[in-house]
Amino acid sequence: MGEKLTHAMEPHNVFTMNLFGLKIPVSDLVVTMWVIMAVMIILAVFLTRKLTLIPNKRQNIAEIVVEFINNMVKDAIGPHYWKAFAPYLGTVILFLIFANTVSIFNIIPGGEEGFKLRPPTRNINVTLCLAVMSICVVIYAGIRYKGVGGWLKSFAKPTPVMLPFNILDYLIKPASLALRLFGNILGAFIVMELIYMALPVFAPAFLSLYFDLFDGILQAYVFMFLTSIYISEALE
Amino acid sequence: MLEPDRYTFIFVALNLIILFLLMRKFLFKPITNLMEERKSSIEQGLKDAENARTEAAEAHKKYDEQMKNIKLDGDKLLNELRAKAAREYDGIVANAKKDALAIIQKGHEDVERERDEMLKQTKQQIAILAIAAATKLVQANMDTEANKAMVDKFIDEAGAV
């Protein structure tokens, strides 16, 4: 049982890419991410085909999603700068919603050894990368809208005594983002794997509503919300 | 799950950037632009409707004023005409009265004149009659002084009538 669990938790090499003699292992995390990206891009293109001022059904879905994200970003960042950050934050939340809940779409038949759709965010490398990207956006926001000098000065605010803490902030923020997401998703993933082992019928359906759907969407929202809060702090 | 893996890290970063660019191009930019376009078009439509409403209200006001002016002018004209008609009527009536008075005056004068004429003729007739009677009387007894005086008196009296 422990071995099965460890097997499910660990990333697996799906294939090895050979780039200029450099052997690059491609794990199932990356492959799952590609699948999610493909789905998202196909959906985005499909839903926004033939846009008109009077929307049809497909366009309505896209508009609801985009407006929801735009409003969230507007609330967090304010009416002046939201437009620059809504696409990135929207991409992150949509990707995380898919990534965190991807295990419920696991319809590919195959045994334990075959490829399975498991949340890529159960791996610390993925979440850390997302968090580092988020903090890069925060730094970009500070430099882009306050200038390099203004951004550097913001380290000494409100008092110069805060300087070390402000510097630490840029390490703590991505670390907390990454670990929160990683821990939540891995925890829910382990619980669900255990439930699948203990009660394979009926119970997983109900419990996955909470552990996969609710927890996944909530963590996606939290990640995006915290990123937007950090951006608005950097813009102040 | 916890081992650092730089390839996964790099892959995720590249994937995220590509995904961000594509999502921005295909989903966020067109939809946001479209919604802003729709918002502005709705605002424009509302503004146009408001303008049209204001114009209609103005036209209505103008029309009302014109109607009022026309009514006032009509009333004025009617009053003037009425006054003129009254004046003319008064003038005609006055003339008619004057004419009638003149005619009546003339009638009176004619009647007076005819009466005078008739009186005069009657007087003459009476005088002739009296003279004839007197002649007859005189022929009977014209001698006495008393009779002569009586005849004179009679003639005077007849002349006075």
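Every value quoted in this text rests on a predicted model; they were computed, and no experiment measured them. (Residues numbered from 1 in each chain as written. Chains lettered and ligands numbered in written order. Predicted model: local features only at pLDDT ≥ 70, side-chain atom pairs only at ≥ 80, totals over all residues. Heavy atoms only, no water.)

Participant: Quick question: what am I supposed to make of the overall build of chain A here?
Facilitator: Helix and strand counts for chain A stand at seven helices and two strands. Listing the helices and strands of chain A from first to last along the sequence gives α-β-β-α-α-α-α-α-α. The principal-axis extents of the C-alpha atoms in chain A amount to approximately 55 × 50 × 45 Å. Burial analysis of chain A (236 residues in total) assigns 44% to the buried set. (Helix = DSSP H or I, 4+ residues; strand = E, 2+ residues; numbered from the N terminus. Buried < 20%, exposed > 50% of the residue type's maximum accessible area, 1.4 Å probe, protein only.)

Participant: Where do I start with the packing of aromatic side chains in this structure?
Facilitator: The final tally for this structure, using the stated rule, is 11 aromatic pairs over all chains. On the basis of an interplanar angle of 75 degrees and a centroid distance of 5.7 Å, the ring pair of Tyr 88 of chain A and Phe 20 of chain B is categorised as edge-to-face. On the criterion of chain membership, the pair formed by Tyr 88 of chain A in helix 4 (residues 82-100) and Phe 20 of chain B in helix 1 (residues 6-141) is interchain, its members lying in two chains. Relative accessible area serves as the criterion here: at 6%, Tyr 88 of chain A is assigned to the buried category. Ring plane angle 80 degrees and centroid distance 5.1 Å describe the contact between Trp 151 of chain A and Phe 155 of chain A, whose orientation is recorded as edge-to-face. Summarising the burial analysis for this pair, Trp 151 of chain A and Phe 155 of chain A share the class buried. One aromatic cluster is present, formed by Tyr 81, Phe 85, Tyr 140 and Tyr 145 of chain A through successive ring pairs. Positioned above the aromatic ring of Phe 46 of chain A, the side-chain terminus of Arg 58 of chain A is 5.2 Å from the ring centre. The ring of Phe 189 of chain A has Arg 122 of chain A sitting right over it, with the charged end atom 5.4 Å from the ring centre. (Phe/Tyr/Trp six-rings, centres within 6.5 Å; stacked < 30°, edge-to-face > 60°. Lys NZ or Arg CZ within 6 Å of the ring centre and 35° of its normal.)

Participant: What is the right way to read the pattern of salt bridges from this model?
Facilitator: Side chains carrying opposite charge are able to pair once their charged atoms draw close together. Evaluation of the coordinates by the stated rule reveals eight salt bridges over all chains. Close ionic contact of Asp 28 of chain A with Arg 122 of chain A constitutes a salt bridge, the shortest N to O distance being 3.4 Å. Residue Asp 28 of chain A is located in helix 2 (residues 28-47), and its partner Arg 122 of chain A is located in the loop between helix 4 and helix 5 (124-153); the two are separated by 94 residues in the primary sequence. Classification of Arg 122 of chain A by relative accessible area gives buried; the value is 0%. Of the charged contacts, one joins Arg 113 of chain B and Asp 110 of chain B as a salt bridge, the two residues approaching to 2.9 Å between their closest N and O atoms. Placement of the pair is Arg 113 of chain B and Asp 110 of chain B together in helix 1, with a separation of three residues, close to one helical turn. Look at Asp 110 of chain B and you get partly exposed, because its relative accessible area is 28%. (Salt bridge = Lys/Arg side-chain N within 4 Å of Asp/Glu carboxyl O.)

Participant: Got a minute to help me understand the UniProt feature "transmembrane region" (unreviewed entry) in chain A in this structure?
Facilitator: Residue and element names in this part refer to chain A. Under the feature "transmembrane region" (unreviewed entry), the UniProt entry names residues 29-48, 88-108, 124-143, 181-203 and 209-231. As a span, residues 29-48 carries 95% helix and 0% strand, and end to end its C-alpha atoms are 28 Å apart. With 83% helix and 0% strand, residues 181-203 has end C-alpha atoms that lie 25 Å from one another. (UniProt positions renumbered as here; feature names shortened; annotations may be inferred.)

Participant: Would you take a moment to explain helix 5 of chain A for this structure?
Facilitator: Note: α-helices contain 3.6 residues per turn, so residues at a spacing of three or four share the same orientation. Residue and element names in this part refer to chain A. In a regular helix each residue adds 1.5 Å, so 30 residues correspond to 44 Å; helix 5 covers only 32 Å between its end C-alpha atoms and thus falls short of that length. The largest bend in helix 5 comes to about 120 degrees, at Lys 146. Of the residues flanking the start of helix 5, the one acting as N-cap is Asn 123, its side-chain oxygen 2.8 Å from the backbone nitrogen of Asn 125. (Expected span 1.5 Å × (residues − 1). Bend = angle between axes of the 7 residues up to and from the residue. Polar contact = N/O pair within 3.5 Å; in protein donor to acceptor, adjacent residues only side chain to side chain.)

Participant: Before we go on, may I ask you to explain the interface of chain B and chain A in this structure?
Facilitator: Often, the extent of an interface is quoted as the loss of accessible area upon association of its parts. Facing 32 residues of chain B, the contacting portion of chain A comprises 52 residues. Roughly 3800 Å² of surface becomes buried between chain B and chain A when both sides are summed, with 79% attributable to carbon and sulfur atoms. At the junction of chain B and chain A, the tally comes to two salt bridges. With a closest N to O distance of 2.7 Å, Arg 38 of chain B and Glu 63 of chain A form a salt bridge. Linking chain B with chain A are eight residue pairs in polar contact (both at pLDDT 80 or more), by the criterion used here. Here the residues of the side of chain B that touches chain A sort into 22 nonpolar, four polar and six charged. (Contact = heavy atoms within 4.5 Å. Buried area = accessible area lost by both parts, 1.4 Å probe. Nonpolar A, V, L, I, M, F, W, Y, C, P; charged D, E, K, R; others polar.)

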